[in-house]
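Spelled out, the chains give:
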Amino acid sequence: MSGPAASAPATATNKDGDSASSAPKRRGIVKQVLSGDTVVIRALKGAPPPEKQITFSYVLAPKLARRPGAGGDETKDEPWAWDSREFLRKKLIGEEVLFSFEKPANSNREYGIVWVGKDAETGENVVETMVREGYVTVRREGRPSSELQRLIELEDQAKSANRGKWSHVPPVEKVRHIKWTQENPAHVVEYYGGKPVKAIIEHVRDGSTVRAFLLPDFQYVTLMIAGIRCPGVKLDADGKPDLSVKIPFADEARFYVESRLLQREVEIRLESVNNSNFIGTILFPKGNIAESLLREGLAKCVDWSMAVMKGGAEKLRAAERTAKEKRLRLWHDYQSKAPTVNAKEKDFTGTVAEVFNGDAISVRLSNGQVKKVFFSSIRPPRDTRSVVGADGEVGLPPRGKNYRPLYEIPFMFEAREFLRKKLINKKVQCNLDYISPARDNFPEKYCYTVLIGGQNVAEAMVAKGLANCVRHRQDDDQRSSVYDQLLAAESQAIKGQKGMFGKKDNVPLRINDLTVDHSRIKVQYLPSWQRALRTEAIVEFVASGSRLRLYIPKDSCLVTFLLAGISCPRSSRPALSSPHVPAQEGEPYGEEALAFTRDRVLQRDVSVHIDTTDKAGSSVIGWLWTDNNVNLSVALVEEGLAEVHFSAEKTEYYRQLKNAEDRAKAAKKNIWANYVEQVVEEKPVVVEEEKDEKAPVERKVNYEDVIVTEITADLTFFAQAVENGAKLEAMMAKLHADFQANPPIVGAYTPKRGDICAAQFSADNQWYRAKVERVQGNNATVLYIDYGNKETVPTSRLASLPTGFTSDRPYATEYALALIQLPSDDEDKEEALRIFAEDVLNRNVKLNVELKPATGPALATVHDPATNVDIGKQLVADGYVLAEKRRERKLKDLVEQYRAAQQAALAAHLVIWKYGDITRDDAPEFSR
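Worth saying up front: this structure is predicted, and the values here are computed from it rather than measured.

About the cut-offs
The numbering scheme is per chain: residues are counted from 1 as the chain's sequence reads. Given that the model is predicted, a residue must reach a pLDDT of at least 70 before its local features are reported, and side-chain atom pairs must reach 80 or more before they are shown or counted; all residues, however, enter totals for whole chains, interfaces and linings. To obtain the side-chain values, all non-hydrogen atoms of the structure were used and water was disregarded. Under the scheme used here, helices are H or I runs from DSSP no shorter than 4 residues and strands are E runs no shorter than 2 residues, and both carry numbers assigned from the N terminus. We compute the radius of gyration from the C-alpha atoms alone; for a globule the expected value is 2.2 Å times N to the 0.38, where N is the number of residues. Contacts were defined at the residue level, with two residues in contact if any of their heavy atoms lie within 4.5 Å. For the area figures, the Shrake-Rupley method with a 1.4 Å probe applies, and any residue is considered shielded solely by the protein chains shown. Only four residue types enter the tally: Lys and Arg on the positive side, Asp and Glu on the negative side, with His and both chain ends excluded. Charge positions are represented by NZ for Lys, CZ for Arg, CG for Asp and CD for Glu. Any two strands with at least two DSSP-identified bridges between them are counted as paired. Interaxial angle, 0 to 180 degrees, is taken between N-to-C directions of lines fitted to C-alpha atoms, where a helix line uses only the stretch in contact. In plain words, nonpolar cores are sets of buried Ala, Val, Leu, Ile, Met, Phe, Trp, Tyr and Cys residues tied together by side-chain atoms within 4.5 Å. Whether a residue is buried, partly exposed or exposed follows from its accessible area with a 1.4 Å probe, protein chains only, as a fraction of its type maximum: under 20%, in between, or over 50%, in that order. By definition here, a helix of n residues has an expected span of 1.5 Å times n minus one. To obtain the arc, one takes the directions from the helix axis to the C-beta atoms. Where each domain begins and ends is defined by an automated method or by a domain database. Once two parts are brought into contact, the accessible area they lose, counted with a 1.4 Å probe and summed over both, makes up the buried area. A pairing counts as a salt bridge when a side-chain nitrogen of Lys or Arg comes within 4 Å of a carboxyl oxygen of Asp or Glu. Side-chain atoms alone can form a polar contact between residues adjacent in sequence; in general such a contact is a pair of N or O atoms within 3.5 Å, and within protein one must be able to donate a hydrogen while the other accepts it. Put simply, two rings from Phe, Tyr or Trp (the six-membered ring, in Trp's case) pair if the centres are within 6.5 Å, and we call them stacked under 30 degrees between planes, edge-to-face over 60, tilted for the rest. Nonpolar side chains (Val, Leu, Ile, Met, Phe, Trp, Tyr) are joined into patches within 5 Å and like charges within 9 Å, using only residues with over 30% relative accessible area and no salt bridge.

1. Regarding the overall build of the protein
Broken down by element type, the protein carries 22 helices and 45 strands. A compact globule built from 928 residues should have a C-alpha radius of gyration of about 30 Å, whereas the protein, at 45 Å, is more than 25% larger. For the protein, the C-alpha atoms occupy an extent of roughly 150 × 70 × 60 Å along the three principal directions. Contacts in the protein between residues far apart in sequence, at least 24 positions, make up 62% of those at least 6 positions apart. Accessible surface, the protein as shown: approximately 49600 Å² in total, 48% of it carbon and sulfur. Positive and negative charge centroids in the protein, built from 133 and 130 side chains respectively, lie 6 Å apart.

Rendered as structure tokens:
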């Protein structure tokens with residue numbers, strides 16, 4: 001760019017011959033460049049300061065295009081008009097200049113000269129610079145003067161040097177193609193995809209609305225700054241600005257933006273549209289204009305546009321809070337409505353104990369105190385369904401007597417489940433936002449932002465379409481501290497049609513409430529529950545230490561569940577109005593038992609095995625295991641909050657219960673606090689079969705087709721029912737597909753003895769159902785319950801068994817070969833096992849259960865399906881094993897047959913009998 005003229009001009013006259021350079025010199029700041037020969041200069045002081053439009057003397061710049069509706073029809077750029085304007089803009093905008101001007105008698109314009117520098121003598125004459133660079137044309141028809149002559153000389157030099165408009169560039173290349181209107185604003189937003197686009201601010205309508213050219217395509221847009229709103233001008237009846245009405249701080253806000261952004265090069269991030277206007281953020285190297293306006297109290301945050309922002313909303317809120325605290329401008333009469341609470345009430349950390357229908361939780365603090373916490377600024381799903389009543393009015397569907405909103409309001413159960421799985425028994429951080437006052441018979445609510453692992457729980461719910469945002473009044477401070485993130489999450493959920501924002505009809509969860517309709521328990525559900533190894537359930541309510549209400553997802557039903565094998569103290573019960581039931585006092589330690597059970601299972605995933613129902617058939621009785629595989633009946637007894645019931649004596653858990661009770665008595669826990677041990681005379685144990693005079697005396701034969709899958713070192717074996725083969729294959733295929741689609745996270749599962757889990761078999765790296773028998777360090781011994789084989793694997797090859805694969809009983813059942821005893825010699829034992837395996841392993845055989853002892857596997861005989869030969873008796877006859885001595889009456893004939901086969905093998909000196917009678921080593925003369 002050329003420097004100032006070599007010699008300062010002596011005099012200058014405008015086109016009417018009036019002197020311009022001799023006029024008084026003034027200082028100002030260039031606010032706007034209207035074209036290559038016209039600028040707007042504002043005073044150095046004032047908010048807003050006075051301003052003056054100056055047209056350069058002696059010269060004429062190419063005319064810029066004019067948009068339609070702005071006082072006439074649309075026109076196009078004259079060649080080099082934009083280049084001329086841009087050269088002048090880059091040189092002068094925002095700069096302090098020296099200027100002089102005169103107004104001709106017959107003109108409404110003011111003509112003058114502008115200098116950049118300290119004074120006219122040493123400063124740069126901008127008019128001369130524009131002529132020298134070839135961006136303006138000199139008016140040669142004016143009255144001759146030294147200044148005019150100087151400009152003519154400079155123009156001749158520019159022509160000779162082919163500068164600017166005098167160059168050989170085709171004029172058509174120096175004309176912009178402007179798009180004054182955008183037919184599809186949403187498409188423009190989508191086209192730029194949230195990326196910053198270069199722009200020049202051309203006009204400031206008010207503090208929060210500007211017009212700009214998007215470069216390089218010259219798209220002319222009206223932009224509303226996202227997240228804020230400044231005071232604007234009032235419109236008259238015709239929709240035009242009414243300048244007679246002054247809106248407080250409107251002019252100040254507009255000037256604040258003009259002085260910083262007008263005709264500056266910026267970047268704009270388009271984020272949304274509002275009618276034909278765009279909503280976006282202006283990115284400026286000197287700072288965020290929206291934040292600055294808010295900090296100065298010249299703007300207020302606007303929720304609806306803040307929701308479309310890609311980021312930075314929290315900074316806008318912080319800037320607005322600063323202005324509020326200082327009571328600046330728009331906030332001069334601001335009064336804070338923030339709750340006044342102590343620090344312990346405001347922010348705390350605790351463990352989630354319960355979830356309430358999607359909008360609140362109870363949190364237990366370290367001191368045992370429980371607080372009810374409501375989520376700030378969100379609302380759980382509501383019943384939006386409508387029906388037409390008999391009177392023709394539209395309203396909500398009728399509610400039955402046993403209305404349960406958790407299940408009957410669409411998406412309420414999904415919202416509760418999301419919170420339950422995410423929060424129950426987890427530590428959360430609660431930060432108080434506001435206190436909602438009591439109204440409509442509802443108490444006041446303490447509303448918090450709840451964080452788990454740094455994630456906002458309310459925001460996660462809204463993002464999944466399981467809650468929506470409360471629409472607060474614009475001036476209402478009683479809102480979430482991260483309200484803008486909630487609105488943004490809701491916007492994304494609506495766009496993605498998530499949850500309650502989807503287009504499908506909202507259908508409530510259909511459940512079978514067996515707590516009300518008891519008639520179907522025994523007939524429809526109990527048989528399948530009894531057959532299942534374990535059934536997955538959710539504890540919905542705890543009435544006492546041993547009485548719970550379960551939701552069973554597999555059958556979509558609610559049922560009352562009683563813990564088996566124990567007698568637990570009753571807790572107190574409140575009075576009921578309909579039907580009228582008086583309040584009942586609890587038994588000693590009833591409340592402690594209730595709290596113990598609530599703390600461990602309320603709203604947790606549990607597994608149960610259901611044995612039977614109570615006498616009335618209204619409740620089921622069974623065993624419950626917590627999420628860490630603890631038998632709750634045993635745990636209550638161990639804690640001294642229940643005693644063993646006589647009905648447990650015939651169950652497999654009796655020994656655990658009895659030992660737990662003995663330990664509780666010894667420690668004098670709770671109900672045993674005053675226990676004194678009594679000496680009881682022991683009675684001889686009577687064998688069950690001898691005691692039961694009605695025990696069958698005849699052997700029953702009921703052959704079952706099975707395939708033997710595994711043989712153990714103790715001559716027990718595992719067998720699968722042939723009729724279950726197809727069902728097992730289908731389950732295995734589904735299990736393998738499940739693990740292939742959702743591989744487990746290594747280390748996420750911690751095995752415990754007795755767990756039913758999934759194990760990756762070392763032979764084929766596939767996943768199978770297994771039971772943990774032993775854990776030692778980083779290894780675990782597991783039994784594959786559907787096949788019977790065992791192996792020791794690293795715990796990294798174990799995982800939680802997916803829901804849906806725990807209900808089926810093991811497909812492999814363990815049996816012991818009836819009336820057979822292995823020889824004591826190790827080599828003979830190995831030979832007997834080898835021969836038995838050759839006869840039955842992985843083969844179809846016929847099996848008959850001969851006896852079911854109180855402990856251990858059932859005793860069975862195995863027969864070859866082709867010859868009907870008793871394979872066990874054949875082993876005895878071939879001299880590989882011994883016949884066992886048993887005294888059961890129903891096996892008398894079979895025992896005699898086996899003994900006869902053994903005598904024949906002994907007489908023939910076969911295998912183990914080759915050196916004589918090996919049983920004689922047990923004779924008294926060989927004992928010491």
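2. Comments concerning the sheet that holds strand β34 (residues 704-711)
The strand order around the closed barrel built from five strands is β34-β35-β41-β44-β43, with neighbouring strands paired in mixed fashion. With strand direction ignored, the average angle separating the axes of adjacent strands in the sheet is 60°. Pairing of β34 with strand β43 (residues 844-851), which is carried by four bridges, proceeds in the antiparallel orientation. Paired with Val 706 across the bridge in β43 is Val 845. Of the strands in this sheet, β34, β35 (716-721), β41 (812-817), β43 and β44 (858-863) are in contact with helix α20 (residues 826-840), which crosses β34 at around 140°.

3. Focus: the nonpolar core
Ranked by internal contacts, the top residues of the largest apolar core, which has 42 residues, are Trp 529, Leu 550, Phe 561 and Leu 624. Take this core: its biggest share by element is five residues, from helix α16 (residues 632-638). In terms of nonpolar packing, the next biggest core, distinct from the first, is built from 41 residues, Tyr 256, Leu 261, Leu 298 and Ala 313 among them.

4. Digging into helix α17 (residues 654-667)
Along its 14 residues, α17 runs 20 Å from first to last C-alpha, staying within 8% of the 20 Å computed at 1.5 Å per residue. Along α17, the positions that sit buried rather than exposed are Leu 657, Ala 660, Glu 661, Ala 664 and Lys 665. Projected down its long axis, α17 carries its buried residues within an arc of 140°, all on one side. Exposed residues lying more than 90 degrees from the buried face of α17 are Arg 655 and Ala 666. Taken together, the buried residues of α17 touch β30 (566-567), β32 (620-625), α16 and β33 (643-644). Positive phi shows up at Lys 668, right after α17, with a value of about 50°.

5. Re the pairing of strand β23 (residues 445-452)
Sheet analysis places strand β18 (residues 370-375) next to β23, joined by two bridges and oriented parallel. Looking across to β23, one finds that Phe 375 is bridged to Tyr 448. Relative to β23, strand β22 (residues 427-436) runs antiparallel, the two being bridged by seven bridges. Looking at the pairing, Ser 436 lines up with Lys 445 of β23. Sheet analysis places β23 next to strand β24 (residues 455-456), joined by two bridges and oriented antiparallel. Within β24, the residue paired with Ile 452 across the bridge is Gln 455. Here β23 hands over to β24 after two residues, with Gly 453 in that stretch at a positive phi of 60°.

6. Focus: the domain arrangement of the protein
Under the domain assignment used here, the protein contains domain 1 (26-174), domain 2 (185-331), domain 3 (344-383 + 406-501), domain 4 (512-571 + 589-672) and domain 5 (697-717 + 813-927). Here the C-alpha centre of domain 3 lies 32 Å away from the C-alpha centre of domain 2. Facing the nine residues of domain 2 at the interface are nine residues of domain 3. Here domain 2 and domain 3 share an interface that buries about 760 Å² over both sides, 38% of which is from carbon and sulfur atoms. The largest per-residue losses of area from domain 2 upon contact with domain 3 belong to Asp 303, Ala 307 and Arg 317, which jointly make up 57% of the total buried on that side. Taken together, the connections running from domain 2 to domain 3 amount to three salt bridges. Among the ionic pairs, Arg 317 bridges to Asp 484, the shortest N-O distance being 2.7 Å. In this assembly, domain 2 and domain 3 are joined by four residue pairs in polar contact (both at pLDDT 80 or more). At the level of secondary structure, the elements contributing two or more residues to the side of domain 2 that touches domain 3 comprise α7 (303-306) and α8 (313-326).

7. A look at the sheet that holds strand β37 (residues 767-776)
With antiparallel pairing, five strands are arranged side by side in an open sheet as β39-β38-β37-β36-β40. Edge positions in the sheet fall to β39 (790-794) and β40 (798-799), since each of these pairs with one other strand and no more. Bridge count for β37 against strand β38 (residues 779-783) is five bridges, and the pairing is antiparallel. Residue Gln 776 lies in a different strand from β38, and its bridge partner there is Asn 779. Running at roughly 75° to β37, helix α19 (residues 725-741) makes contact with β36 (756-760), β37 and β40 of the sheet.

8. Here we look at the packing of aromatic side chains
Under the definition given, this model contains 26 aromatic pairs. Taking 5.1 Å as the distance between ring centres and 70° as the angle between the ring planes, the aromatic pair formed by Trp 180 and Tyr 220 counts as edge-to-face. Of the two residues, Trp 180 sits in the loop between α3 (146-160) and α4 (185-192) while Tyr 220 sits in strand β11 (residues 219-225), which places them 40 residues apart along the sequence. By the burial criterion, Trp 180 is buried, and Tyr 220 matches it. Arranged with centres 5.8 Å apart and planes meeting at 65°, the rings of Trp 625 and Tyr 653 form a pair that is edge-to-face. With Trp 625 in strand β32 and Tyr 653 in the loop between β33 and α17, this residue pair connects regions lying 28 residues apart in the sequence.

9. So, α20
Here α20 spans 21 Å end to end across 15 residues, near enough to the 21 Å set by a 1.5 Å rise per residue. Burial in α20 covers these residues: Ala 832, Leu 833, Ile 835, Phe 836 and Val 840. Down the axis, α20 shows its buried residues gathered within 165° of arc, on one side only. Within α20, the exposed residues directed more than 90 degrees away from the buried face are Asp 826, Glu 827 and Glu 830. Summarising the contacts, the buried residues of α20 are in contact with β34, β35, β41, β43, β44 and α21 (871-877).

10. Description of unusual backbone geometry
Negative phi characterises most residues that are not glycine, and trans characterises most peptide bonds. For the bond from Leu 215 to Pro 216, the omega torsion is 10°, close enough to zero to count as cis. Along the chain, Pro 216 turns up in the loop between β10 (209-214) and β11. Although it is not a glycine, Phe 249 sits at a positive phi angle of roughly 70°. The backbone of Gln 263 shows a phi angle near 60°, a positive value even though the residue is not glycine. Along the chain, Gln 263 falls in the loop between α5 (250-261) and β13 (265-274).

11. Considering a nonpolar patch on the surface
A cluster of nonpolar residues, Val 233, Leu 235 and Leu 243, forms a patch on the protein surface that exposes about 290 Å² of accessible area. As for its placement among the helices and strands, Leu 243 is situated in the loop between β12 (228-229) and α5. Note on Leu 243: relative accessible area 65%, which makes it exposed.

12. As for a negative patch on the surface
There is a patch of like negative charges on the surface, built from Asp 825, Asp 826, Glu 827 and Glu 830. Mapping Asp 825 onto the fold places it in the loop between β42 (820-821) and α20.

13. Re the pairing of β43
The sheet contact formed by β43 and β44 spans five bridges and is antiparallel. Looking across to β44, one finds that Val 849 is bridged to Ala 860. The antiparallel hairpin formed by β43 and β44 contains six residues in its connecting segment, where Gly 856 sits at a positive phi of about 85°.

14. Section: the pattern of salt bridges
Counting across every chain of the model gives 48 salt bridges. Between Asp 251 and Arg 254 there is a salt bridge, with its nearest N and O atoms 3.0 Å apart. In this pair, Asp 251 and Arg 254 both sit in helix α5, three residues apart, roughly one turn of the helix. Using a relative accessible area of 25% as the deciding quantity, one classes Asp 251 as partly exposed. Taken together, the shared-partner salt bridges connect Arg 85, Glu 86, Arg 89, Glu 202 and Glu 265 into one network.

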